[in-house]
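Structure at a glance
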Amino acid sequence: MAEAQIILSHSRESGIVAIASGEQYPWAHTALVESGFRRDDEGVYHLPADGTGTTVVDLVKCAKRHRTSVHTSSRRFIGDVARDLARHLPGQWHASVEIYSHPAWQEDLVPWIWDSGELGRALQSERIPYAATLTDMVQGTMLLFVERPGRQLDYLVGAFAPEGLEEGYGDPHAPRSVVVPPFAGRAAQAVADRYLPSYEQAVHARRTAAIAAVLGGIRSEHDTWQSMVASGRYSDATPLSAAALGSATDEFLDHAWRRFLTVVDHAPTLIDRCRPASSPWPDDATTLSRLAGAVRDAETLLDDVVQGSPLAPQERRARTWPAIETWLTDGEIFLRQARVSTPHRRPALPVAAPSRPLATAARPAQRSH
């Protein structure tokens, strides 16, 4: 593959559009500018219909002088395709183009994709110079939409890791990306009815697992601290002075609070989904209410800290520990309820959704240097 390429496609709104690609993509940028193309905010170059008379033939000649090859895509412009899909999805979705001109930019994208299917594999093994993102403006879900490598028609849809759970790269339980056809209605049906439910169930499971891991870690550290207090010695049997014990206690409480923020972030959504009355443990309702109250207390404290309210370390520790202790005591009851609950379903699309062609209907941060 040439060190610099220009990929041409057709947009129903802009006519001929171009995307630069390759390790020497600045050469392609130069050729496009010299040929009269104008670059938009997403990094896509457009051939303006202003009577300048620039043609694709002119671009090819100019590109050759700048050691850049020109290729014409057999597909319509991905921005049009993504916007068509966004309009057919339930809710409020926004589509935008992502450009990965340099291969390293695509590599930077890989850790942010939460996928155990074809999309994740393609990003690691195939050259994908551009894509589109679809963002749910209400719930914040962000999907990645790419042309399926090696195929003339299909597309792949997967997701970025949700906020607060970005460490999910390589997670074998991540949702599997789906293949969608080049028809807006059918593609939206596949995303809304198949992909999004599996994605939301995976997020639910990840949140539950994250809270379980945090509670397990805090509980282990708490046991270690209690043993130190009871014995008056470090774990290696070295005598523990009163000052050292106080310091160890402060360190334990501070570390526990930092870890407990994961519970503060994710527990409210999960508690809202729990339905004790329809579970095998209907009496858990009272405990869940107590746990929810502990999280609200922690949220109030966190708001005070964020807003800069003066709070001495000792006061902060005294206010945080009751919430943490409540969760250490009753967290297992929450976990069993969360594990049998399910995410709220998004509105379903009608079965008879139109099958209009995607391209004919009216996380990383993008890099487009």
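Residues numbered from 1 in each chain as written. Predicted model: local features only at pLDDT ≥ 70, side-chain atom pairs only at ≥ 80, totals over all residues. Heavy atoms only, no water.

1. Looking at empty space enclosed by the protein
Cut-off, in case you're wondering: Points on a 1 Å grid over protein atoms alone make up a cavity when a 1.4 Å probe fits among them but cannot get out, and a pocket when they form an open set with protein on both sides within 12 Å along at least five of seven lines; lining residues each have an atom within 4 Å of a point. Grid points are joined across faces, edges and corners, and a volume is the space filled by probe spheres set on the points. Put simply, DSSP marks the helices as runs of H or I at least four residues long and the strands as runs of E at least two long, and each gets a number from the N terminus on. We call Asp, Glu, Lys and Arg charged. Ala, Val, Leu, Ile, Met, Phe, Trp, Tyr, Cys and Pro are nonpolar, and the rest, Gly among them, are polar.
Of the pockets and cavities examined, the largest cavity occupies roughly 60 Å³. Taken together, Ile 7, Leu 8, Ser 9, Ile 19, Arg 76, Phe 77, Ile 78, Tyr 130 and Glu 147 form the lining of the largest cavity. In terms of residue count, strand S1 (residues 5-11) provides more of the lining of the largest cavity than any other element does, three residues in total. Here the lining of the largest cavity is built from residues that sort into six nonpolar, one polar and two charged.

2. A word on the nonpolar core
Cut-off, in case you're wondering: Buried Ala, Val, Leu, Ile, Met, Phe, Trp, Tyr and Cys residues form a nonpolar core when they are joined through side-chain atoms within 4.5 Å. Summary of the burial criterion: residues with accessible area below 20% of their type's maximum are buried, those above 50% are exposed, and those between are partly exposed, where the area comes from a 1.4 Å probe applied to protein chains only.
In terms of nonpolar packing, the biggest core is built from 39 residues, with Leu 134, Leu 143, Phe 145 and Val 180 touching the most fellow members. For this core, the secondary structure elements donating two or more residues are strand S2 (15-21), helix H3 (78-88), strand S6 (93-99), strand S7 (130-136), strand S8 (142-147), strand S9 (155-159), strand S10 (178-180) and helix H6 (184-231). It is H6 that contributes the most residues to this core, 10 residues altogether. The next biggest cluster of nonpolar side chains, apart from the first, holds 30 residues, and it includes Val 214, Leu 215, Ala 298 and Phe 334.

3. Quick word on unusual backbone geometry
In this structure, Arg 67 takes a positive phi of about 55° despite not being glycine. Mapping Arg 67 onto the fold places it in the loop between helix H2 (56-65) and strand S5 (69-76).

4. Looking at the environment of Ala 95
The cut-off we apply is this: We call two residues in contact when some of their heavy atoms are within 4.5 Å.
Mapping Ala 95 onto the fold places it in strand S6. Taking C-alpha positions, Ala 95 is 27 Å from His 173, a pair spaced 78 residues apart along the chain. If sequence neighbours within four positions are ignored, Ala 95 has contacts with Ala 82, Arg 83, Ala 86, Thr 133 and Leu 134.

5. Here we look at the packing of aromatic side chains
Heads up, the rule is: Pairing of aromatic rings covers Phe, Tyr and the six-membered ring of Trp, with a centre-to-centre limit of 6.5 Å; geometry is then stacked below 30 degrees between planes, edge-to-face above 60, and tilted otherwise. As a reminder, the over-ring test applies to NZ of lysine and CZ of arginine, requiring each to be within 6 Å of the ring centre and within 35 degrees of the ring normal.
Overall, the coordinates contain seven aromatic pairs when judged by the stated rule. Here Phe 252 and Trp 321 contribute two aromatic rings whose centre-to-centre distance is 5.7 Å and whose plane-to-plane angle is 65°, an arrangement assigned as edge-to-face. With a gap of 69 residues between them, Phe 252 in helix H7 (residues 242-273) and Trp 321 in helix H9 (residues 313-340) connect regions that are remote in the sequence. For Phe 252, a relative accessible area of 7% puts it in the buried group. Pairwise contacts between aromatic rings join Trp 114, Tyr 195 and Tyr 199 into one cluster. Taking NZ or CZ as reference, Arg 67 lies 4.0 Å from the ring centre of Trp 27, over its face. When the ring centre of Tyr 155 is taken as origin, the NZ or CZ atom of Arg 75, which lies over that ring, is 4.8 Å away.

6. Some details on the packing of H7 against helix H8 (residues 285-306)
The geometry of a pair of packed helices is captured by two quantities: the angle between their axes and the separation between those axes. Just so we agree on the cut-off: For every element, the axis is a line fit to its C-alpha atoms; helices are fit only across the contacting stretch, and the angle between N-to-C directions ranges from 0 to 180 degrees. Any angle that is under 35 degrees is reported as roughly parallel, and any over 145 degrees as roughly antiparallel; angles of 65 to 115 degrees are reported as roughly perpendicular and all others as oblique. In this scheme the crossing of two helices becomes right-handed for a clockwise turn of the near helix relative to the far one and left-handed for an anticlockwise turn of less than a right angle.
For the pair H7 and H8, interaxial distance at closest approach is 10 Å and the crossing angle is 125°. Relative to H8, the element H7 is oriented oblique. In this structure, the crossing between H7 and H8 has a hand that is left-handed. Residues Trp 257, Phe 260, Leu 261, Val 263, Val 264, Ala 267, Pro 268 and Ile 271 of H7 pack against Leu 291, Ala 292, Val 295, Ala 298, Glu 299, Leu 301 and Leu 302 of H8. Of the residues belonging to the contact of H7 with H8, the class tally is 14 nonpolar, no polar and one charged.

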